[in-house]
Amino acid sequence: MCGIAGFTGPANPALLRRMTDRIGHRGPDADGFYSDPDNGVNLGHRRLSILDHAGGAQPMHSAAGDAVIVFNGEIYNFRELRTELVALGAHFHSDHSDTEVLLQAWRHWGPHMTARLNGMWAFVIHDRRQRLLFASRDRFGKKPLFWAHAQGQFVFASELTAMREHPLINGGVDPLALRKYFAYGYVPAPRSLLAGVNKLPAGHSLQLDLSCEKLTTSRYWHYQPEPDPSITEAMAREQLHTLLDAAVARRMVADVAVGCFLSGGLDSSLIAALATRHAGSDRLRAYSIGFNEADFDESPYAAEVARHLGIDHHIETVPVARALAALGEINGRWDEPIADSSLLPTWLLCQYARHDVTVALGGDGADELFAGYDPFKALGYARLADRWLPKPLHRALSLLAAKLPVSHGYMSFEFRLKRLLRGLSHRPALRLPVWMAPLTAAELGELFDEPVDLETLYSEAIEAWDENPQADEIERAIQFYIRLYLQDDILVKVDRASMLHSLEVRAPFLDADVADFARRLPARMKFAHGQGKWVVRQVAAGLLPERVLTRRKQGFALPVGQWFAEGTLGQPGDVSGARADFWQHALAQHRRGDVDNRLYLWAETALAASPLDASPLIHDTAPP
């Protein structure tokens, strides 16, 4: 795992070093630099050494010197690809570097190489012979890649803070991206919070012709449901077990210590159960975070799973003061903010695990691929409401539910009911993002002091929902979660939290073969009998304690609603004018118990903690 950065134009070693220094936490083991004055290409790299310590230094040059690569990630099928490439005549100089496999893959397959890769990646290749740059990002977007192209210059980096070091990046905050941040709780690709800076979306590649400055992006993969009705329940259980076990085995390969996260929930527990088979002679090491607040503490379940599997389990119980101190430690280091408070416990977990291991396995991706979130249940309730409740009643029910007393417990009935009713007045394509939004459309209009166009605000969600109009609504919701929430919230959270501690996190559920199986699996084997992840539970049966299989899903959360209500958390930084008025009103409502504003309040807190804080710009900009 690493950090990459670079730009076109005249060589500027000091600038290249400043950019890579900004992402030094992503790769503390080594750095490397490359400049080609003939083509005006400058590449920088920070390395976290996982595979082939001796032979994996970057930027890496091809044997003929006609191609150079900087690469962030891991290619899990690199051994199979290496064997195939040797058969095609490739000669390797490293012992087992997946970076060199990418260079040889480019030489033999060109841009089509991405279809063959199974892993997580963001890389940039400079092909000196063809005078072009080729960049790519993995299927789900586990590894970040930001870029900008203007005034005849191209700039890229793993994080926005590195991008801001380049003088080309001086446009301030993108006003529409800022509005989308408060609408989604994150900034959806391809936009970023910085004007003129893009995210390369997951499953996309980019090519820049250096001779004429022509830049093109293309999508090489996206989640496309093609359910196979011939798959039986027994086949589904057996195939997923086989594929997931192979995915775990691939992710145990490293030249450093590998452990796993263990929350006590279904997904991480299943990964831990499978990993015990591949841990070798050592007992698998698992890491958990516990909290003093019982409603948010999963550590007893994690301990039960660890005893059942016989693994070496480490639990750190975190008091409130420590969690709040973590917020101060992360302040200014979040890069592009996400309004997801689980970043804090994830950061603490990564810090704890990094004491012993450099690589950890996690359960990310199961909820998105196999319909595990609560809103998948809400889709059925909304369908019934559409059928039996006249539209005017939706508003009346929302007003009635608003009178319920606010609860700050984890995903309380009151919280879920109000979220459900909030979305009923919208068409299906808008319900998922509206259910999860920090602010309603009316509140967004008040915050920005202008009317809100929901079609523009939620254009990405609408596109994801409408892409497969014939698909089952479960599959259409999966499309939304994979393309938006997974890419721009969940994976960003894990990437930032882990990389700040120089820890690599691997996600077996996001294996290319597992994902291909998931898109062919009928929806009835994902969501069944009012419960998500049906086939995952079938695989876990017999491997895990029954209590883990049947317990209600619990996210990795902290009692931030209570913290705001009690005054433990207050005004985030220096805010003034209309924004301060909106904040104070929302905070007062929250503290009186009139309205649960925890999502908005945390969104502001995350924005203020980011080095990209847009505080003075909220009311001074208008979207194009």
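Worth saying up front: this structure is predicted, and the values here are computed from it rather than measured. (Residues numbered from 1 in each chain as written. Predicted model: local features only at pLDDT ≥ 70, side-chain atom pairs only at ≥ 80, totals over all residues. Heavy atoms only, no water.)

(A) Seen up close, helix α1 (residues 13-22). Buried within α1 are the following residues: Leu15, Leu16, Met19 and Thr20. Axial view of α1: buried residues confined to an arc of 130 degrees, hence all on one face. (Buried < 20%, exposed > 50% of the residue type's maximum accessible area, 1.4 Å probe, protein only. Helix = DSSP H or I, 4+ residues; strand = E, 2+ residues; numbered from the N terminus. Arc of directions from axis to C-beta.)

(B) Spotlight on the packing of aromatic side chains. Enumeration according to the criterion identifies 23 aromatic pairs in this entry. Judged by centre distance (6.2 Å) and plane angle (55 degrees), the rings of Trp583 and Tyr600 are tilted. Note that Trp583 is positioned in helix α24 (residues 577-592) and Tyr600 in helix α25 (residues 598-609), a separation of 17 residues in sequence. Given a relative accessible area of 1%, Tyr600 falls into the buried group. Put simply, the rings of Tyr184, Tyr186, Tyr373, Phe376, Tyr458, Phe480, Tyr481 and Tyr485 touch in pairs and so form one group of aromatic residues. Sitting above the plane of the Trp109 ring, Arg116 keeps its charged end 3.9 Å from the centroid. (Phe/Tyr/Trp six-rings, centres within 6.5 Å; stacked < 30°, edge-to-face > 60°. Lys NZ or Arg CZ within 6 Å of the ring centre and 35° of its normal.)

(C) Region of interest: the environment of Asp31. Within the secondary structure layout, Asp31 lies in strand β2 (residues 30-36). Taking the relative accessible area as the measure of exposure, Asp31 reaches 33% and is therefore partly exposed. Considering only alpha carbons, one finds Asp31 and Asp21, 10 residues apart in sequence, at a separation of 9.2 Å. Among residues more than four places away in sequence, those in contact with Asp31 are Arg17, His45, Arg46 and Gln58. A polar contact is formed between the side chain of Asp31 and the side chain of Arg17, at a distance of 3.3 Å. (Contact = heavy atoms within 4.5 Å. Polar contact = N/O pair within 3.5 Å; in protein donor to acceptor, adjacent residues only side chain to side chain.)

(D) View of the sheet that holds strand β14 (residues 285-291). The strand order across the open sheet formed by five strands is β15-β14-β13-β16-β17, and the pairing between neighbours is parallel. Both outer strands of the open sheet, β15 (312-318) and β17 (504-506), are each paired with one neighbouring strand and no more. Looking at each pair of strands side by side, their axes are set apart by 30 degrees on average, direction ignored. (Pairing = 2+ DSSP bridges. Axes fitted to C-alpha atoms, helices over the stretch in contact; angles between N-to-C directions.)

(E) Highlighting the sheet that holds strand β9 (residues 153-157). Pairing is antiparallel in the open sheet, where six strands are placed in the order β2-β3-β1-β9-β8-β10. At either margin of the open sheet sits one strand with a lone partner, and together these are β2 and β10 (198-199). As judged from the three bridges shared by strand β1 (residues 2-8) and β9, these two strands associate in the antiparallel manner. The residue of β9 that forms the bridge with Ala5 is Ala157. Strands β1, β2, β3 (41-47) and β9 of the sheet are contacted by α1, whose axis makes an angle of about 150 degrees with β1.

(F) Representation of the pairing of strand β13 (residues 258-261) within the structure. Alternating residues of β13 divide into Val258 and Cys260 and Gly259 and Phe261, and every residue in both groups is buried. Examined bridge by bridge, β13 and strand β16 (residues 359-361) share three bridges and lie parallel to one another. Counterpart to Gly259 in the pairing with β16 is Ala360.

(G) The packing of helix α18 (residues 459-466) against helix α19 (residues 473-499), seen in detail. It is at 8 Å that the axes of α18 and α19 come closest, and there the two elements cross at 140 degrees. Taken together, the axes of α18 and α19 are oblique relative to one another. Every pair of crossing elements has a handedness; the one defined by α18 and α19 is right-handed. Residues Glu460, Ala461, Glu463, Ala464, Trp465 and Asp466 of α18 form the contact with α19, whose own contacting residues are Glu473, Arg476, Ala477, Gln479, Phe480, Arg483 and Leu484. (Parallel < 35°, antiparallel > 145°, perpendicular 65-115°, else oblique. Left-handed = near helix turned anticlockwise from the far one by under 90°.)

(H) Spotlight on the side chain of Glu304. Its location among the elements puts Glu304 in helix α8 (residues 299-309). A relative accessible area of 19% places Glu304 in the buried class. Once you skip the residues sitting within four places of it in the chain, Glu304 turns out to touch Pro545 and Arg547.

(I) Broad picture of the confidence of the model for the chain. Put simply, the chain has an average pLDDT of 88, and 88% of its residues get 70 or more. Under a pLDDT of 50 for its full length, residues 615-624 has, in the predicted model, 28 contacts with residues more than four places off or in other chains. (pLDDT = per-residue confidence, 0-100.)

(J) How the structure looks around helix α3 (residues 98-109). Taking 1.5 Å of rise per residue, the 12 residues of α3 would be expected to cover 16 Å, and the 16 Å separating its terminal C-alpha atoms lies within 8% of that figure. By the criterion of burial, α3 is predominantly enclosed, with 10 of the 12 residues buried. Every buried residue belonging to α3 is among Asp98, Thr99, Glu100, Val101, Leu102, Leu103, Gln104, Ala105, Trp106 and Trp109, and all of these are buried. Lining the buried residues of α3 we find β4 (60-61), β5 (67-75), α2 (78-87), β6 (119-127) and β7 (132-137). Sitting at the head of α3, Ser97 places a side-chain oxygen 3.2 Å from the backbone nitrogen of Thr99. Residue Gly110 follows α3 closely and has a positive phi angle near 60 degrees. (Expected span 1.5 Å × (residues − 1).)

(K) Geometry of empty space enclosed by the protein. Applying the stated criterion to the full structure yields six cavities of 30 Å³ or more. Of the pockets and cavities examined, the second largest cavity occupies roughly 80 Å³. If you trace the second largest cavity, you find 14 residues lining it, with Gly119, Met120, Phe140, Arg251 and Leu510 closest to the centre. (1 Å grid on protein atoms, 1.4 Å probe; cavity = no way out; pocket = protein on both sides within 12 Å on 5 of 7 lines; lining within 4 Å. Points joined across faces, edges and corners; volume = space filled by probe spheres on them.)

(L) Spotlight on the pattern of salt bridges. One pass over the full model with this rule turns up 37 salt bridges. A salt bridge links Arg17 to Asp31, with the shortest nitrogen-to-oxygen separation between them at 3.3 Å. In this pair, Arg17 sits in helix α1 while Asp31 sits in strand β2, placing the two residues 14 residues apart along the sequence. A salt bridge links Arg128 to Asp36; the nearest nitrogen and oxygen atoms lie 3.0 Å apart. You can see Arg128 sitting in the loop between β6 and β7 and its partner Asp36 sitting in strand β2, a full 92 residues away along the chain. (Salt bridge = Lys/Arg side-chain N within 4 Å of Asp/Glu carboxyl O.)

(M) Representation of the side chain of His45 within the structure. Mapped onto the secondary structure, His45 falls in strand β3. With a relative accessible area of 0%, His45 lands in the buried category. Among the polar contacts made by the side chain of His45, one reaches the main-chain carbonyl oxygen of Phe71 at a distance of 3.3 Å. When sequence neighbours within four positions are dropped, the list of residues in contact with His45 reads Cys2, Gly3, Ile4, Thr20, Ala30, Asp31, Gly32, Gln58, Pro59, Val70 and Phe71.

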